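Observations on chain architecture
Each chain, written out:
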Amino acid sequence: MFQDNPLLAQLKQQIRENIPKKEGVIRASDRGFGFLEVDEKTSYFVPPPYMKKVLHGDRVVALIRTENEKEVAEPDELLEPSLTRFVARVKMFRDRLNVVPDHPNMKEAMKARPKKGLDEKDFKEGDWVVATLKRHALNDNGFFAEITHKIADKEDHNVPWWVVLARHNLAQIEPADLPEWQDLEADLPRQDLTDVAFFTIDGPKTKDMDDALAIRETEQGWELLVAIADPTAFVAEGSELDKEAAQRAFTVYMPGRNVPMIPRTLSDELCSLKEGEERNTLCARLTIHKDGLLDEQTEFFAARIRSRARLNYDDVSDLFEHDKPLDVDAAVLAQLPLMKAMTEARINWRTEHALVFPDRPDYDFELGDNGAVLAIHVSPRRLANRMVEESMIAANICAGRVLGKTVGYGIFNVHTGFDEDSLDGAIELLKSAEAPFEKEEIASLSGFCALRRWIDGLDTRWLDGKIRRFQSYALMSAEPGAHYGLGLDAYATWTSPIRKYGDMVNHRLLKAVIAGQQPGARPSEELTQHLTDCRRLHRMVERDIADWLYARFLAPLVATDTVFEGEIIDVMRAGLKVRLRENGAVAFVPAKLILDNKDRLECNWDSGRVFLDKEPIMELGQTLAVKLAEVVEETRSVVAKPAVAIVPGPLPEAPAADTPAAE
């Protein structure tokens, strides 16, 4: 009788309208309840019954009620669902199809059906699928999803790769070959450099070799020849293959495999600078002075080369670091000491006049046939790595100069240091640390470089970890611009065109300069934004797969009581994140495993420190000995705990943290 009473409905609406409301994001816990996060410092408790109508990450408007003398949030209006397209696992209830989203904070199954054309009988318990959310419980009676396609059976050992690629909507295989490959630039004048003793330095398993080097000594210092693979000789601008490469943007590199941007016939065969085979290349002739200064005069030209030697990083490094003989062409061997001297001069020059970040080791997964992680090898950045890196950086600096001055546009890597809206916070932090810098100074390229050098000279890494929160991200831009992260006026990469679409764009522009022709159209804002987004996306893909493999590798070690050395890379209210130096894995250390007493222990994000009885005991950049407490492959979570009891006392000095070089 009362259900359809309009007066009662009106009264309920009036009451609801008078209840305070807050907009925020739902954060679920693993115990059924959750929180409505309004901002960094304000949150409201969401009881378990209300959490059944929302999902972790939903943006909602909630009613703020008082229940049992405590303010609670009741989600009332859905503004933005956290799920639209998502990866899930199949769950069968009474032979009916359900899916559980693949997310550590979403454990409840929701009813599902396959889209038209799919057979429900093809899906089994535990299979991996892609689904779309069709109904949300805050708007309808429960959650409901539609399965759009199957990713993999639950027994598939390649699940980490297929699932992560599917989550990010990326291709699993390379583009298809053309029926026939032709040199589209047969009329392009190319210098014959087949008699020059070029060589490549790569990893032992690398197939897509895109750079070869040759060097000679001069009165000024050195003349460096950089020869780069030339896929644009085979891929016509605006063709379907070109559009496909632009969409993919980059080769996707993952532990154990890669998905090329262009067909493997090009990347691994026709364009790869293989030993003893003639190849089309785009070249640059660089002059480097004895003090490491890169001369303004650079010659770009097209050429045919033949690499004399396929070297790898460890063998070249062992030659100089351990006097281990290297069996290689004499003309190549004679160049390696020149490469070493040039590299050291460039590093010294950039250290003084630009920026050189401390080396960070690579972590290589050794995988078995069934996807099992057999070992994780630490690969430090050795001398040969630096030889190639310094050569490529110098070549990209020269491309930035030529494109900026001659063309006026291209694909530039730009980094502004601090965003305008973060400068005040950055300078406030620096003043508190008694740093000798002013706001206007750190906003300039030279001032930013001076600041980074000053921070790198400190005894602890706390300020380094804190100031990075204010730094901007590197972007792709059609306009020339400074790259503060490298300390350079302009930086345009062209040295990896079989791996990066932006480098293909720059190749075409450089070829126009070489030929004295009108350059192609200015890259659109849509393209530069797409390239920026894809670069971040691919880093997420590599990280997501690595997290899965780390979980597989570390799970058996929980019972061994092994002690790991962890660098604190983040401090949050709930605990710490540490990177294990032995293998590169990131583990979470919950505050309750440090000390299960909220009144005494505080993990403070703002300060980047952990306090015990109001005294700081840990901070960003510090090294902490930890043991594994729990590893769950299903959620790819690694939980650690301090290896020894935490007691108040002065903060120990932290060793210099390894920092990846900015792109």
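Quantities reported herein were computed from a predicted structural model and do not represent experimental measurements. (Residues numbered from 1 in each chain as written. Predicted model: local features only at pLDDT ≥ 70, side-chain atom pairs only at ≥ 80, totals over all residues. Heavy atoms only, no water.)

**Focus on helix α8 (residues 336-353)**
Its 18 residues give α8 an end-to-end C-alpha distance of 25 Å, which sits within 8% of 26 Å, the value for a rise of 1.5 Å per residue. Three or more residues of α8 are buried, namely Leu336, Leu338, Met339, Met342, Thr343, Ala345, Arg346, Ile347 and Arg350. (Helix = DSSP H or I, 4+ residues; strand = E, 2+ residues; numbered from the N terminus. Expected span 1.5 Å × (residues − 1). Buried < 20%, exposed > 50% of the residue type's maximum accessible area, 1.4 Å probe, protein only.)

**Description of the packing of aromatic side chains**
Under the criterion given, the structure shown has nine aromatic pairs. Ring plane angle 40 degrees and centroid distance 5.5 Å describe the contact between Phe33 and Phe45, whose orientation is recorded as tilted. Here the residue Phe33 occupies a position in the loop between β1 (21-28) and β2 (34-37), and Phe45 occupies one in strand β3 (residues 43-46), the gap between them amounting to twelve residues. Seen from their ring centres, Phe300 and Trp494 are 5.2 Å apart, and the 70 degrees between their planes marks the pair as edge-to-face. One end of the pair, Phe300, is in strand β18 (residues 294-312); the other, Trp494, is in the loop between β22 (475-477) and α14 (501-515), with 194 residues separating them in the sequence. Residue Trp494 is classed as buried on the basis of its relative accessible area of 0%. Members of the aromatic cluster, each reached through a chain of ring pairs, are Phe33, Phe35 and Phe45. A cation over a ring is seen here: Arg257 above Trp162, with NZ or CZ 5.5 Å from the ring centre. The ring of Trp605 is capped by Arg469, whose NZ or CZ atom sits 4.1 Å from the centre of that ring. (Phe/Tyr/Trp six-rings, centres within 6.5 Å; stacked < 30°, edge-to-face > 60°. Lys NZ or Arg CZ within 6 Å of the ring centre and 35° of its normal.)

**With respect to the confidence of the model for the protein chain**
Residues with a pLDDT of 70 or more make up 95% of the protein chain, whose mean pLDDT is 92. Counting interchain partners and residues more than four positions distant, the pLDDT-below-50 stretch residues 654-663 has 38 contacts. (pLDDT = per-residue confidence, 0-100. Contact = heavy atoms within 4.5 Å.)

**Some remarks on the domain arrangement of the protein chain**
Each domain of the protein chain was delimited in the assignment, giving domain 1 (6-80), domain 2 (85-156), domain 3 (191-415 + 473-545) and domain 4 (558-642). Put simply, the middle of domain 2 and the middle of domain 4, counted by C-alpha atoms, are 34 Å apart. (Domains from an automatic or database assignment.)

**Looking at the sheet that holds strand β9 (residues 128-135)**
Strand pairs in the sheet, formed through backbone hydrogen bonds, run parallel or antiparallel to each other. In spatial order, the strands read β6-β7-β8-β10-β9; together these five strands close into a barrel with mixed pairing. Recorded for the sheet is a direction-independent mean angle of 55 degrees between the axes of neighbouring strands. Pairing of strand β8 (residues 110-114) with strand β10 (residues 144-152) involves four bridges; the strand directions are parallel. Residue pairing for β10: Lys111 is matched across the bridge by Phe144. (Pairing = 2+ DSSP bridges. Axes fitted to C-alpha atoms, helices over the stretch in contact; angles between N-to-C directions.)

**Focus on the UniProt feature "domain: S1 motif" (unreviewed entry) in the protein chain**
Following the UniProt record, one finds the feature "domain: S1 motif" (unreviewed entry) at residues 561-643. Across residues 561-643 one finds 5% helix and 60% strand; the C-alpha atoms that close the span lie 9 Å apart. (UniProt positions renumbered as here; feature names shortened; annotations may be inferred.)

**Observations regarding the nonpolar core**
In terms of nonpolar packing, the biggest core is built from 86 residues, with Phe199, Leu224, Ile305, Leu311, Trp494 and Tyr501 touching the most fellow members. A total of 14 residues in this core trace back to one element, the largest contributor, which is helix α9 (residues 383-407). Ignoring anything within four residues of it in the chain, the contact list for Phe199 reads Ala212, Leu213, Ala214, Ser307, Ala309, Leu311, Val332, Gln335, Leu336 and Met339. One finds Ile376, Leu423, Leu537 and Val578 within the second-largest nonpolar core, a separate group that totals 72 residues. (Core = buried A, V, L, I, M, F, W, Y, C linked by side-chain atoms within 4.5 Å.)

**Examining the environment of Ala152**
Relative to the elements of secondary structure, Ala152 occurs in strand β10. Considered as a pair, Ala152 and Phe198 are 46 residues apart in the sequence and their alpha carbons are 45 Å apart. Ignoring sequence-local partners within four residues, the contact set of Ala152 consists of Asp127, Trp128, Val159 and Trp162.

**Notes on the sheet that holds strand β28 (residues 615-619)**
Taken in spatial order, the three strands of this open sheet run β26-β27-β28, and their pairing is antiparallel. Looking along the sheet, the strands with just one partner apiece sit at the ends: β26 (601-604) and β28. Taking each pair of neighbouring strands and ignoring which way they run, the sheet shows an average axis angle of 25 degrees. Two strands pair when backbone bridges link them, and β26 and strand β27 (residues 609-612) are joined in this way by four bridges, in the antiparallel orientation. Bridged to Leu601 within β27 is Leu612.

**Notes on unusual backbone geometry**
Of note, Glu434 is a non-glycine position whose phi angle comes to about 60 degrees, a positive value. Tracing the chain through its elements places Glu434 in the loop between α10 (423-432) and α11 (439-442). What makes Glu434 exposed here is its relative accessible area of 70%. Even without being a glycine, Lys614 presents a positive backbone phi close to 75 degrees. Along the chain, Lys614 falls in the loop between β27 and β28.

**Comments concerning the pattern of salt bridges**
Side chains that carry opposite charge are capable of pairing whenever their charged atoms lie near each other. A full pass over the atoms with the stated rule returns 55 salt bridges. One salt-bridge network, in which partners are shared between bridges, spans Arg452, Asp456, Arg461, Asp464 and Arg468. (Salt bridge = Lys/Arg side-chain N within 4 Å of Asp/Glu carboxyl O.)

**So, the pairing of β1**
Of the pairings in the sheet, the one linking β1 to strand β4 (residues 59-67) comprises five bridges and is antiparallel in character. Residue pairing in the sheet places Gly24 in a bridge with Val60 of β4. Pairing analysis gives four bridges linking β1 to β2, with the strands arranged antiparallel. Following the sheet pairing, Ala28 is matched in β2 by Gly34. Joining the antiparallel neighbours β1 and β2 is a turn of five residues, in which Gly32 adopts a positive phi near 95 degrees.

**Brief notes about the packing of helix α3 (residues 159-167) against helix α15 (residues 525-554)**
Describing two packed helices takes the angle between their axes plus the distance from one axis to the other. Where α3 meets α15, the closest approach of the two axes is 10 Å, and the angle between their N-to-C directions is 150 degrees. Taken together, α3 and α15 sit at an angle that is classed as roughly antiparallel. Judged by the twist between their axes, the crossing of α3 over α15 is right-handed. On α15, the residues touching Val159, Pro160, Trp161, Val163, Val164 and Leu165 of α3 are Val541, Asp544, Ile545, Trp548, Leu549 and Arg552. Residues of the contact of α3 with α15, tallied by class, amount to ten nonpolar, no polar and two charged. (Parallel < 35°, antiparallel > 145°, perpendicular 65-115°, else oblique. Left-handed = near helix turned anticlockwise from the far one by under 90°. Nonpolar A, V, L, I, M, F, W, Y, C, P; charged D, E, K, R; others polar.)

**Regarding a positive patch on the surface**
There is a patch of like positive charges on the surface, built from Arg96, Lys111, Arg113 and Arg135. Following the sequence through the fold, Arg135 ends up in strand β9. The class for Arg135 is partly exposed, based on a relative accessible area of 36%. (Patch = residues over 30% accessible without salt bridge, like charges linked within 9 Å, V, L, I, M, F, W, Y side chains within 5 Å. Areas by Shrake-Rupley, 256 points an atom, 1.4 Å probe, with all protein chains shown as cover. Lys, Arg positive; Asp, Glu negative; His and termini not counted. Charge placed at Lys NZ, Arg CZ, Asp CG, Glu CD.)

**Quick word on the packing of α8 against α9**
Contact geometry for α8 and α9: axes closest at 9 Å, N-to-C directions at 65 degrees. Crossing of α8 over α9 shows left-handed handedness. The segment α8 lies against α9, with Leu336, Met339, Lys340, Met342, Thr343, Arg346, Ile347 and Arg350 engaging Leu383, Arg386, Met387, Glu390, Ser391, Ile393, Ala394 and Ile397. Taken together, the residues that form the contact of α8 with α9 break down as nine nonpolar, two polar and five charged.

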